Number of protein chains: 2
Amino acid sequence: MERKQEVSKAVIQRLPRYYRNICELKAEGVQRISSRALAERMGLTASQIRQDFNCFGGFGQQGYGYNIDKLMEELGSILGLRSGRTAILLGAGNLGRALLNNFDFSASGFQLLCAFDANPELKGKEYGGYSVRSSDDLPSYIAAHKPDVAVLTIPRSNAPDIARELVDQGIRGLWNFTGEDLHLGGLGVPVENVHLSDSLMTLCHLVSATEE
Amino acid sequence: MERKQEVSKAVIQRLPRYYRNICELKAEGVQRISSRALAERMGLTASQIRQDFNCFGGFGQQGYGYNIDKLMEELGSILGLRSGRTAILLGAGNLGRALLNNFDFSASGFQLLCAFDANPELKGKEYGGYSVRSSDDLPSYIAAHKPDVAVLTIPRSNAPDIARELVDQGIRGLWNFTGEDLHLGGLGVPVENVHLSDSLMTLCHLVSATEE
DNA sequence: TAGATTGTTAATCGATTAACAATC
DNA sequence: TAGATTGTTAATCGATTAACAATC
């Protein structure tokens, strides 16, 4: 599974979509698929799909196509979904609770351990089966359980300071919903900055474009 | 403001980020900025920024740079944020309520009118100042108020059918959180499919990559 | 074997970067 | 005017598509 050369960012960004579609195909009972059929389904070209998969060493078979189970296994392991990573959530407000109650963390490769909030009234409550702990216990909890990543659903103003503290304490990645763009790549800590407003602005633009 | 040739998708996708950064600069009291300084702030090249802005006719001034107010105004109007668009939200579950309570729709160009839910217990409740109506009233409401877009925070299984109905009733865009990929571009109705799981899987991959 | 479909190389296309004349 | 910085053209780079030999 050695990579010949660095895989481009464009390919990496398509991997979750591939994985998602393959999971759906499996759920539909499909056992194999050609690059051509997958391309049609996903709105890509067959060429691109073969190029993309071959960045990781090619897991198809001539004259047959790609085996769904094998593909899922390979893509899952490339994405690191099989690594048993752990996560904690910071900020059990509306958005935090929505994630706790609804979001399937394990499908994206993470076991969510618990949540933290500064509000003492939330202490001990449970959402989606995850308990809320006091922010005071955060440092000792991280030291003891060494979660890989933190989900930031805290207010925006706190984001930069808390991010730095978390990195100091050993957190290795951030899923950041605060609206503040965080860039800790220099420290070797990847961040996914989620900006829902960007998505809605794009929609606004696209709707306007349909009027021309 | 006529566009010489079709603006590339890559440029369009950067517009919300430009707009966001310009808003931040304005909030910081900055009145003008050079492409060089903006590039440094955003992690782009000055060349790219000038290329991007010039897709829309260039709103800078030699020897001076870009005026923040003008830039905000121009980018906002390109994105269609000044068009007074309206939106409704379908599905007042956890995620729907999180958006109602927290999300600033107007900053992304939409006036949110109200929410709808099939659960009669939610009827008449308010979240974030928006009232929840019965799904039964949806068709007549759309006919009367003609909202531009619908925010889908309903269960995944209902998504395709409801999307089609909404389009029939005149909805012109969808902000889709259901997890089901919807493609109504063929009908001239743009969709922003939000897949939070894709973002988290990417983070999982990036964290794994830091171990190599 | 014949048909199908991959893996992979070459060709095309588009996007980013560099350079510099225009001009505020 | 001199300095700064844009607008814009040309050069480079990278990503996508096409083509086809390899092979299941």
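For the structure itself, look to the data block above.
Presented here is an overview of the structure given in this document.

## Section: the protein's contact with DNA strand D
Item 1. DNA strand D sits among 24 residues. The nearest are A:S47, A:Q51, A:Q61, B:S35 and B:R50.
Item 2. Close to the protein, within 4 Å, the atoms of DNA strand D are drawn from sugar and phosphate at a rate of 58%.
Item 3. In the model, a base oxygen of DNA strand D is placed 3.3 Å from a nitrogen or oxygen of the A:Q62 main chain.
Item 4. Between DNA strand D and the protein, one listed contact pairs a base oxygen with a side-chain N or O atom of B:R50 at 2.8 Å.
Item 5. Within the residue set of the surface near DNA strand D, elements represented by two or more residues are α3 (46-54) of chain A together with α3 (46-54) of chain B.
Item 6. Ranked by residues supplied to the surface near DNA strand D, first place goes to α3(A) with four residues.
Item 7. Residues of the surface near DNA strand D, tallied by class, amount to three nonpolar, 18 polar and three charged.

## Focus: the sheet that holds strand β8 (residues 173-176) of chain B
Residue and element names in this part refer to chain B.
Item 1. Strand order in the open sheet formed by seven strands is β5-β6-β4-β3-β7-β8-β9, and the pairing between neighbours is mixed. Looking along the sheet, the strands with just one partner apiece sit at the ends: β5 (126-127) and β9 (191-193).
Item 2. By the bridge criterion, three bridges tie strand β4 (residues 110-117) to strand β6 (residues 130-134) in an arrangement that is parallel. Note on β6: the bridge partner recorded for A115 is V132.
Item 3. Sheet contacts for helix α6 (residues 138-145): β3 (85-90), β4 and β6; angle to β4, the most-contacted strand, approximately 160°.

Reading the values: rules and limits
- Residues numbered from 1 in each chain as written.
- Chains lettered and ligands numbered in written order.
- Predicted model: local features only at pLDDT ≥ 70, side-chain atom pairs only at ≥ 80, totals over all residues.
- Heavy atoms only, no water.
- Near = heavy atom within 4 Å.
- Polar contact = N/O pair within 3.5 Å; in protein donor to acceptor, adjacent residues only side chain to side chain.
- Helix = DSSP H or I, 4+ residues; strand = E, 2+ residues; numbered from the N terminus.
- Nonpolar A, V, L, I, M, F, W, Y, C, P; charged D, E, K, R; others polar.
- Pairing = 2+ DSSP bridges.
- Contact = heavy atoms within 4.5 Å.
- Axes fitted to C-alpha atoms, helices over the stretch in contact; angles between N-to-C directions.

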